[in-house]
Each structure stands twice: as structure tokens, then as C-alpha cells.
Amino acid sequence: MKPTDLPTKLESLKQAKLYRRRKTTDSAQGIYLQVAGQKLLNFCSNDYLGLASHPELVTAFKQAADQYGVGSGAAHLVCGHSREHQALEEELADFTGRDRALLFSTGYMANLGVIAGLMNKGDVVYEDKLNHASLLDGGLLSGAKFKRYLHNDLGNLQIKMQGQGAEQQAMIITDAVFSMDGDCADLTGLADIAEQSDSYLMVDDAHGFGVLGKTGAGLVEQCQLSQQQVPLLVGTLGKAFGTSGAFVAGSEVMIESLIQTARTYIYTTALPPAIAAATRASLQRVIHDQWRREKLQSLIARFQTGAKQLDLSLMPSQSAIQPIVLGSSEKAIQASDYLLQQGLWVGAIRPPTVPQGSARLRITFSALHEEQHIDQLLTALETMPQ
Ligand SMILES: *Cc1c(COP(=O)(O)O)cnc(C)c1O
């Protein structure tokens, strides 16, 4: 696009109600956010367990900053790999029941690096249609043949896999909890298909990690899938863990391979050591604060019951992501503007993040919400103009 075309392009996004704007917050992540002098009740963050501003994380961060300073100074393979990074990797490997874990600076980079690091031209990747953008981009970047199957439709996946050459390496890639719909992938079914077809299975558990599973190790733990069944497990640290960054967990040979080949690992500055230290503190809270997961589940249940009474049509989601599909982008914007007037911050999600005609409110809950907050949200949804 020529620079002279950009203003027209921006104008057409505005016309189509697809223009994106940021709001600036003046407070820490929490149930209430301060925005332009207004206190907004927060229903749009991914801080599912309410850990992002937990005092123990803040203390760990400060102590590590005293010891290590702020910047890591270099990539992991140069001189940026600190004792805090190493300890966090070992603890994450233990927690997920894998041989090793490898830190990345963001989930986006982990996904690009893993897929493009392992898959090449001549290989083939299979992705759920509703996979996160970073998984789709990783597949495209790898140069492998790129095939998308219908959302959560394993029959369709098997049809797409017919005729795959034996010489090709295949990878099946899925979100665990889908980020815009909140539903879960059939990981057990996918693991069976991967085993039968001798494919890698890569699972991105950005929204399940910390929240699902007996100990919070995510949907893979809940489904009791081994490292052999899910050889590539990605978890992100900026959501339920409340910090920043991501990791991939797997076998010794898988992690060593990624250290050699994942370009988004090799060619980027390591996370600040203080972030790793804060994440280690977070992991302790994830492990020991079972109450956060339980409370979150009970808030979700209260919302679902209330929404049913209001005849709101929810999606088949049992997770902390509860979307209400409204259709057009205009409707979604109007709804979120209305909620904003009521002091509630709920994200309006529009294409291309979601398919055309399925713009929606994306409501998310945190373990720090109280029942009264859920009721306040339900009241606002009840009075929302249609
Ligand atoms: C948020 C998200 C990512 C990206 O993680 P960041 O650490 O924010 O870059 C990747 N995959 C999924 C499914 C996500 O929801």
C-alpha cells in the first residue's frame, strides 16, 4: 500500500466500525481500572487468577531487580540467561511434568519460533480454523503446506490428512482453550490422531494454563496427556500467571532442537530476570492457591445461571472467557459503549479477530471478582438496548 493510500484505508476502517483505539489505564491490573478519571469494573483482562499485581510477585520482582538490574542485557545464547531464568525453566518443566521447558519473551514469539523452527518446506501443518493468530502466522512463516480444519472437527481434520505423503513430517496445532470462543479443543482425540499419523501435536494452552487441571497445569493436565502424546506444550505467562513471557515444554531432544533452530528464541533479548523471578513467585501461588481456581469456577457458574435467566445466548464455554455474539461490528461497539457508560469495561471483538458476522462482547472473569460484580454485569446486560 502506498503511503498516500493510508488515510483512505483508515477512513474505511472507521466507516466499517473496525477502527481500533486504545484506552490508557492509570492503575495496576485489578478488578477496577482507572481510565480517564473514571473507575471501571474490569471484565476484559486475562489476569484470570488475579495475580498480576499480587504483593508477593511485586516483592520478588523488586528483589530480583535489586540483584540483577532491569535489562537482561542480551539473548539467552549470548549472556542474557540468568539463574532466575534457569530456575524458572526447571520449575515449569516440573510443574508440567515435562523433561525441559524453554522460555520465550512472548507467547507470540514462542509460537512463531516453535512452528517455524521445526517445520519446513515439504512438511505440512494442520491448524484449527479458530487458532490464535500467532499459531496461524507460525504455520505460514514455516513455509510448510498449510491446512486449516473446521473448528474442533476431528472428522474434517482426518479428511484433510488423507493423501499425506509418508516422507512429510506433519504437525497438528491447536489452542487448548480457544481465545475468542472460550471452548476447549478435544485434546485426547487430537492426540489419538497425531499418534496414528505419526504427527507432532502442538498445544497452546495460553488460556488454560494456571486455570484448568488439578494443580493448574492446564487442559493438558486435565486430559492427563503425557509428553509423548503432546510433545509440544506452550504456556503463556502474561495471562493467569500475571507476568509476561511464555514457554514451551517437551522432551530433552525437542528443547535442545528448538534452542538451535527457533529464530524468535535465538535472535531476541531474554526477558528481564526480574520477570522470571516474579513468575517463580506466581507459580507458587498457582500451585498453592487452589481457592483461586475454585472461586473463578463458581463465578463463571453464577454468570451462566444469570445469563440463562436473561435469555442471553452464551457459547459452549466453561472457561473464564464468556463471549456474547452480537453479529455486526456496530452492534458490538454499541454494546460495549453502553456498558462503559455503566462503568463496566468489556471488550468488543470484531473481525478479523473473529469471523465476519460474529462480532461479540468478550467477557472475562478473574478470581478477584465478587458475586456482586457478576450481578452488576448481569443487570447492565439486562438493560442493554438490543
Ligand atoms: C495471548 C495468546 C498468545 C500470545 O501470548 P503473548 O504472550 O501475549 O504474546 C498466544 N496464543 C494464544 C492462544 C493466546 O491467547
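Residues numbered from 1 in each chain as written. Predicted model: local features only at pLDDT ≥ 70, side-chain atom pairs only at ≥ 80, totals over all residues. Heavy atoms only, no water.

A. Structural detail: the domain arrangement of the protein chain. Taken domain by domain, the protein chain consists of domain 1 (15-49 + 290-383) and domain 2 (55-288). Placing the centre of domain 1 and that of domain 2 at their C-alpha centroids yields a distance of 26 Å. Across the contact, 20 residues belong to domain 1 and 21 residues belong to domain 2. Buried area between domain 1 and domain 2, both sides added, is near 1600 Å², and the carbon and sulfur share of it is 56%. Counting the contacts that link domain 1 with domain 2 gives 1 salt bridge. A salt bridge links Asp181 to Arg360, with the nearest nitrogen and oxygen atoms 2.6 Å apart. Viewed at the interface, domain 2 and domain 1 are joined by 10 residue pairs in polar contact (both at pLDDT 80 or more). Secondary-structure elements contributing two or more residues to the side of domain 1 that touches domain 2 are helix H13 (290-309), strand E10 (321-327) and strand E13 (359-364). No other element matches the 3 residues that H13 contributes to the side of domain 1 that touches domain 2. The residue makeup of the side of domain 1 that touches domain 2, split by class, is 10 nonpolar, 6 polar and 4 charged. (Domains from an automatic or database assignment. Contact = heavy atoms within 4.5 Å. Buried area = accessible area lost by both parts, 1.4 Å probe. Salt bridge = Lys/Arg side-chain N within 4 Å of Asp/Glu carboxyl O. Polar contact = N/O pair within 3.5 Å; in protein donor to acceptor, adjacent residues only side chain to side chain. Helix = DSSP H or I, 4+ residues; strand = E, 2+ residues; numbered from the N terminus. Nonpolar A, V, L, I, M, F, W, Y, C, P; charged D, E, K, R; others polar.)

B. Representation of the packing of aromatic side chains in the model. Under the counting rule described, the total for this entry stands at 7 aromatic pairs. For the pair Phe303 and Phe365, a centre-to-centre distance of 5.1 Å together with 55 degrees between the ring planes defines the contact as tilted. Here the residue Phe303 occupies a position in helix H13, and Phe365 occupies one in the loop between E13 and helix H15 (371-383), the gap between them amounting to 62 residues. Both residues of the pair, Phe303 and Phe365, belong to the buried class. Grouped by ring-pair contacts, the aromatic residues Phe95, Phe209, Phe241 and Phe247 constitute a single cluster. Taking NZ or CZ as reference, Lys14 lies 4.8 Å from the ring centre of Tyr19, over its face. Of note, Lys39 hangs over the ring of Tyr32, and the distance from its end group to the ring centre comes to 4.4 Å. (Phe/Tyr/Trp six-rings, centres within 6.5 Å; stacked < 30°, edge-to-face > 60°. Buried < 20%, exposed > 50% of the residue type's maximum accessible area, 1.4 Å probe, protein only. Lys NZ or Arg CZ within 6 Å of the ring centre and 35° of its normal.)

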